[in-house]
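# Chain and residue survey
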Amino acid sequence: MTDLIRLSANDLSGLLADRSISSVEATTAHLDHIDAVDGDVHAFLHVARDAALQTAADIDARRASGEPLGPLAGVPIAIKDVLATKDMPSTSGSKILEGWIPPYDATVVARLRAADLVPLGKTNMDEFAMGSSTEHSAYGPTRNPWDLERIPGGSGGGSAAAVSAFEAPLALGSDTGGSIRQPAAVTGSVGVKPTYGGVSRYGAIALASSLDQVGPVSRSVLDAAMLHDVIGGHDPLDSTSLTDAWPSMTQAARAGFEDGALKGVRVGVVKELNGSGFQPGVKQRFDETLALLEGAGAEIIEVSAPNFEYAVAAYYLILPAEASSNLARFDSVRFGIRVNPEDGPLTSERVMAATREAGFGPEVKRRIILGTYALSAGYYDAYYGSAQKVRTLIQRDFDAAFAQADVLVSPAAPTTAFKFGEKLDDPMAMYLNDITTIPANLAGVPGLGLPMGLAPEDGLPVGLQVMAPARADARLYTFGAAVEQLLESTWGHTMLSQAPVLAPNEMFASEEGVV
Ligand code: GLN
């Protein structure tokens, strides 16, 4: 049954639909594999074995009785711990929420259940989604299945590692500045940040509300599209949810498999995201991909987005400002742990201070202090106000770029996975990991990350990022599926389909050598 763990969600879906396999078999295979490898990978904070098997058995019984079920019915999925789940702890990677079981499901989780997916458990993440490596998780880091000495990206390193280590065919992530796309890049997975407002944030533990989006993580573009169709669409419980009628992302992805899908597509290469600071192997794979796209009939155009240079600076004012406000709710009364001060009177203020001191990690404290300062009366205009103006300039850069190009491309991350500890003591170095992904969050446009081979110097996965105008998520799936197919037919593999678990580098050692 171990082969079941290698299948895409789409393939599992076909086998489940014609009853060649049962959901209990698919779920058991993944749970057994989690048991076998997660001691090393640590993608999961919580595994819900009994509940998952019960859900799978119920779905099998309903299928056997002839009930029509959705396309992903019976397919297992991992859920980032930032999402509220009423039957599993939801900690957002923080001590302050240790053991907290929410009284309700996030809308995206409710939609997974309604579509009969099988939740396997909750995945590890940087505390409150702050970070690019999972080293800020209060529960210890996740390891990259490609090299256990290296980070799996962050904050959603658990979801990306679960998918790339074949512990789950699908996962949910959340992306505030790159936390779906950057982990996807460094683990060889696919990840999508939808248009802001395209997927409900209700029940997603807030980091920065104007930037956060929930999105799919998978091993193929089609699988991500299928999951997007389940979780996306208007939610009256989220006041920023768009009321658009969305096209089928699954159909959009399938359109990418048609001949000539790349012909005439105007692909904008963002000059500011293609320059210095990138690892040579990342740059090399990116340039090769551009050449292949051109060969397939796409038109490669250089576009300039001069204000992207200020994106990271603006983000690290806007995000801490919003985070400091959002995290004020952890007051020792309403959620999670309560810690009394060691001595002195038990006033509510002192209990709150002792709880927050013990419950928050150093990165969270750093950002609360930064955000509180940026919002303080004397500095509001100079910092937060200026950052919001930069945000508008970045949106205008996108508008100008999309007037010339249908999609924009860049590497999804400046380097391959780095070693544990390498950037932990240098917050600036950590923040710069998201230099390519942050602009999309600031402007609310969708972005998709997909694998583009391995860096020659270290044999680790490299990611391509594709961005489209707001609301044009379907275009990302069509283009992404076409690029995925192009790279596969040229380089002879899909990124992970043949990966020996925990030794995936071997998969590229073909006759022509490592691709
Ligand atoms: N790494 C970025 C940060 O630390 C992105 C986080 C995210 O997208 N949740 O803020």
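Residues numbered from 1 in each chain as written. Predicted model: local features only at pLDDT ≥ 70, side-chain atom pairs only at ≥ 80, totals over all residues. Heavy atoms only, no water.

### A look at the sheet that holds strand E9 (residues 407-411)
A sheet is described by the order of its strands in space; here eleven strands give the open sequence E1-E3-E2-E4-E6-E5-E10-E11-E9-E7-E8, paired in mixed fashion. Taken across any chain shown, the strands that pair with only one partner, and hence form the sheet edges, are strand E1 (44-47) and strand E8 (299-303). For this sheet the average axis-to-axis angle between neighbouring strands, irrespective of direction, equals 30 degrees. Taken together, the two bridges between strand E5 (residues 190-193) and strand E6 (residues 213-218) define a ladder with antiparallel strand orientation. Looking across to E6, one finds that Gly191 is bridged to Val217. (Pairing = 2+ DSSP bridges. Helix = DSSP H or I, 4+ residues; strand = E, 2+ residues; numbered from the N terminus. Axes fitted to C-alpha atoms, helices over the stretch in contact; angles between N-to-C directions.)

### Some points on the site of the ligand
Thr176, Gly177, Ser179, Tyr315 and Asp434 are the nearest of the 16 residues found near the ligand. A distance of 2.6 Å separates an oxygen atom of the ligand from a polar backbone atom of Gly177. At 2.7 Å, a side-chain N or O of Tyr315 approaches an oxygen atom of the ligand. Here the ligand, which alone exposes 290 Å², has 100% of that area covered by the protein. Tallying contributions element by element places helix H10 (residues 311-326) first for the shell around the ligand, with three residues. (Near = heavy atom within 4 Å. Polar contact = N/O pair within 3.5 Å; in protein donor to acceptor, adjacent residues only side chain to side chain. Areas by Shrake-Rupley, 256 points an atom, 1.4 Å probe, with all protein chains shown as cover.)

### Let's talk about the packing of aromatic side chains
One pair of aromatic rings is described through two measures. These are the centre distance and the angle between the planes. Here the structure, examined in full by the defined rule, presents 14 aromatic pairs. Both rings, one in Phe308 and one in Phe398, keep their centres 4.9 Å apart while their planes meet at 50 degrees; by these two values the pair is tilted. With Phe308 in the loop between E8 and H10 and Phe398 in helix H13 (residues 381-404), the pair connects residues that are 90 residues apart, well separated along the chain. The exposure classification of Phe308 matches that of Phe398, with both residues buried. Geometrically, the ring pair formed by Tyr315 and Tyr316 is edge-to-face, given 4.7 Å between the ring centres and 80 degrees between the ring planes. Note on Tyr315: relative accessible area 4%, which makes it buried. An aromatic cluster is defined as three or more aromatic residues linked by ring pairs; in this entry it consists of Trp100, Phe128, Phe330, Phe335 and Phe360. Taking the ring centre of Phe166 as reference, the NZ or CZ of Arg6 above it sits at 4.8 Å. Directly above the aromatic system of Phe418 lies the positively charged group of Lys423, at a separation of 4.4 Å from the ring centroid. (Phe/Tyr/Trp six-rings, centres within 6.5 Å; stacked < 30°, edge-to-face > 60°. Buried < 20%, exposed > 50% of the residue type's maximum accessible area, 1.4 Å probe, protein only. Lys NZ or Arg CZ within 6 Å of the ring centre and 35° of its normal.)

### Notes on the confidence of the model for the chain
Here the chain averages 93 in pLDDT, while 95% of its residues score no lower than 70. This stretch, residues 503-515, has a pLDDT under 50; its non-local contacts, to residues over four places away or in other chains, come to 27 contacts. (pLDDT = per-residue confidence, 0-100. Contact = heavy atoms within 4.5 Å.)

### Regarding the pattern of salt bridges
Counted under the stated rule, the structure contains 19 salt bridges. Ionic pairing is found between Arg62 and Asp116, a salt bridge with its closest N-O pair at 2.9 Å. Taken together, the positions of Arg62 in helix H3 (residues 49-64) and Asp116 in the loop between helix H4 (107-114) and strand E3 (118-123) put the pair 54 residues apart, joining distant regions of the chain. When the shortest N-O distance is used, the salt bridge between Asp331 and Arg334 registers 3.2 Å. The exposure class assigned to Asp331 is buried, which follows from its relative accessible area of 12%. (Salt bridge = Lys/Arg side-chain N within 4 Å of Asp/Glu carboxyl O.)

### Considering the side chain of Glu363
On the secondary structure map, Glu363 appears in helix H12 (residues 362-374). Only 2.8 Å separates the side chain of Glu363 from the side chain of Arg367, close enough to count as a polar contact. Once residues lying within four places of it in the same chain are set aside, the contact partners of Glu363 are Met130, His136 and Tyr431.

### Focus: helix H11 (residues 348-359)
Taking 1.5 Å as the rise per residue, H11 with twelve residues should run 16 Å; its terminal C-alpha atoms sit 16 Å apart, in good agreement. Those residues of H11 that sit buried are Val351, Ala354, Thr355, Arg356 and Gly359. (Expected span 1.5 Å × (residues − 1).)

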